[in-house]
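Spelled out from the first residue to the last, the chains are:
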Amino acid sequence: MAWRPATSSAALAAALVLGGLLACVKGSTVTTATPPLTPDGGSGSTSLAPSSATTLATTTLATTTTLTTASATTTDATTSSVSLTAMQDATIFENHPDSAAGAGLVFAGRTSGQLDTGVRRALFQFDVSAIPSSATVLSATLSLPFDKLATSGSTYSLHRITTTWTEGTTAFASANQLPGNADAGDVTWLSRTHPALFWNTPGGDFVAGASATTTGLSADGALSFAGSGIAGDVGGWLAAASSNNGWLVLGNESSPRSVVSLMSHESVAAGPTLTIEFVIGASQDTTATPGGSGSGSG
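Sequence order as written defines residue numbering, which begins from 1 separately in each chain. Local features in this predicted model are restricted to residues of pLDDT 70 or higher, and side-chain atom pairs are both shown and tallied only at a pLDDT of 80 or more, whereas totals for entire chains, interfaces and linings draw on every residue. For side-chain calculations, the full set of non-hydrogen atoms in the structure is used, while hydrogens and water are omitted.

## A short note on the packing of aromatic side chains
Within 6.5 Å between ring centres, the rings of Phe, Tyr and Trp (the latter by its six-membered ring) count as paired, and their orientation is classed by plane angle as stacked under 30 degrees, edge-to-face over 60, tilted in between. All told, the structure shown has 4 aromatic pairs when counted by the stated rule. For the pair Trp237 and Trp247, a centre-to-centre distance of 4.8 Å together with 50 degrees between the ring planes defines the contact as tilted. A residue pair is termed long-range when its members are at least 10 positions apart, and Trp237 in helix α2 (residues 228-239) and Trp247 in strand β19 (residues 247-250) qualify at 10 residues. Joined through ring pairs, the aromatic side chains of Phe93, Phe107 and Phe172 make up one cluster. The ring of Phe107 has Arg120 sitting right over it, with the charged end atom 4.9 Å from the ring centre. Each helix is a run of H or I in the DSSP string that is no shorter than four residues. Each strand is a run of E no shorter than two, and both are numbered from the N terminus. Here, a charge over a ring means that NZ of Lys or CZ of Arg falls within 6 Å of the ring centre while also lying within 35 degrees of the ring normal.

As structure tokens, then:
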């Protein structure tokens with residue numbers, strides 16, 4: 001009995017090649033169904049039955065792409081530093097409540113001389129308007145170069161002043177560093193602007209809690225104040241310029257001869273200096289989601 005193919009060998013080969021290509025596709029399965037052999041009389045060969053042609057069963061090709069959410073931090077900031085000289089400074093005198101000394105050296109602490117044994121307080125104010133109000137203050141350091149120090153080891157504290165005041169032009173009346181009679185515009189123990197505007201509390205209106213404290217002198221011969229309290233004060237002044245009334249320095253007011261004399265902004269040598277480090281522009285968290293997931297079939 002002979003057998004013969006029901007389809008041509010070329011057609012069968014093409015089908016198998018196509019099946020092989022599809023099998024290379026990731027995620028697909030190629031199934032070649034081999035039909036039963038049917039006898040064909042007289043040829044002695046086998047054939048594929050016409051009723052059972054070669055079929056290609058291919059699973060659905062599903063491609064899923066997942067794009068992971070990306071999170072990035074971008075910083076557009078410029079760090080700067082500026083050193084400012086005091087715009088005004090002065091001393092107020094407990095034992096001379098209506099006297100002034102806005103021009104000249106500045107004192108803090110208690111004296112014990114024959115002419116004066118009272119408390120003295122130093123006032124300083126700096127113009128920070130050159131710094132943008134949007135800036136973030138990173139640090140602030142106040143350096144007050146000294147002229148003379150009565151005793152070492154005393155503690156000095158820095159307090160934020162809460163009301164306005166004016167330095168005035170009155171200088172010391174004598175070489176003994178006694179204040180002169182107050183003129184219009186001077187600051188005194190009683191008046192923040194003589195003669196019309198008074199402190200709410202004689203001796204100055206200031207925050208009781210210290211913005212910073214220091215003991216003794218720094219290596220460069222100055223009272224040096226630093227820390228987050230000062231930085232916070234400066235930041236507050238940038239946010240609300242009208243709140244900038246400067247600082248008051250308290251010495252050891254219970255111990256005689258604890259007074260320190262400090263250089264003023266009128267001094268030929270280096271005067272009070274406020275150094276501020278700040279940044280303009282804030283860090284920004286940016287979250288990017290590049291697309292989503294998709295599927296397709298083939």
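What follows picks up the thread again.
## Topic: the confidence of the model for the chain
Confidence along the chain averages 75 in pLDDT terms, with 64% of residues attaining 70 or more. As a per-residue measure, pLDDT reflects the predictor's confidence and takes values from 0 up to 100. We call two residues contacting when some pair of their heavy atoms lies within 4.5 Å. This stretch, residues 1-75, has a pLDDT under 50; its non-local contacts, to residues over four places away or in other chains, come to 118 contacts. Contacts for the low-pLDDT stretch residues 283-298, under 50 throughout, to residues beyond four places or in other chains number 35 contacts.

## Here we look at the environment of Ala90
Mapping Ala90 onto the fold places it in strand β8 (residues 88-93). For the pair formed by Ala90 and Phe124, sequence separation is 34 residues and the distance between their alpha carbons is 6.9 Å. For Ala90, the residues in contact, after removing those within four places along its chain, are Ala101, Gly102, Val106, Arg121, Ala122, Leu123, Trp165, Glu167 and Val187.

## Let's talk about the pattern of salt bridges
Salt bridges, as used here, are contacts in which a Lys or Arg side-chain nitrogen is within 4 Å of a carboxyl oxygen on Asp or Glu. Taken as a whole and judged by the stated rule, the model has 2 salt bridges. Between Arg121 and Glu253 there is a salt bridge, with the nearest N and O atoms lying 2.8 Å from each other. Linking Arg121 in strand β11 (residues 119-125) with Glu253 in the loop between β19 and β20 (260-262), this pair joins segments that are 132 residues apart in sequence. Remark: exposure states derive from per-residue accessible area (1.4 Å probe, protein chains only) relative to the maximum for the residue type, with buried under 20%, exposed over 50%, and partly exposed in between. Overall, Arg121 belongs to the buried group, its relative accessible area being 12%. A salt bridge links Asp233 to Arg160; the nearest nitrogen and oxygen atoms lie 3.5 Å apart.

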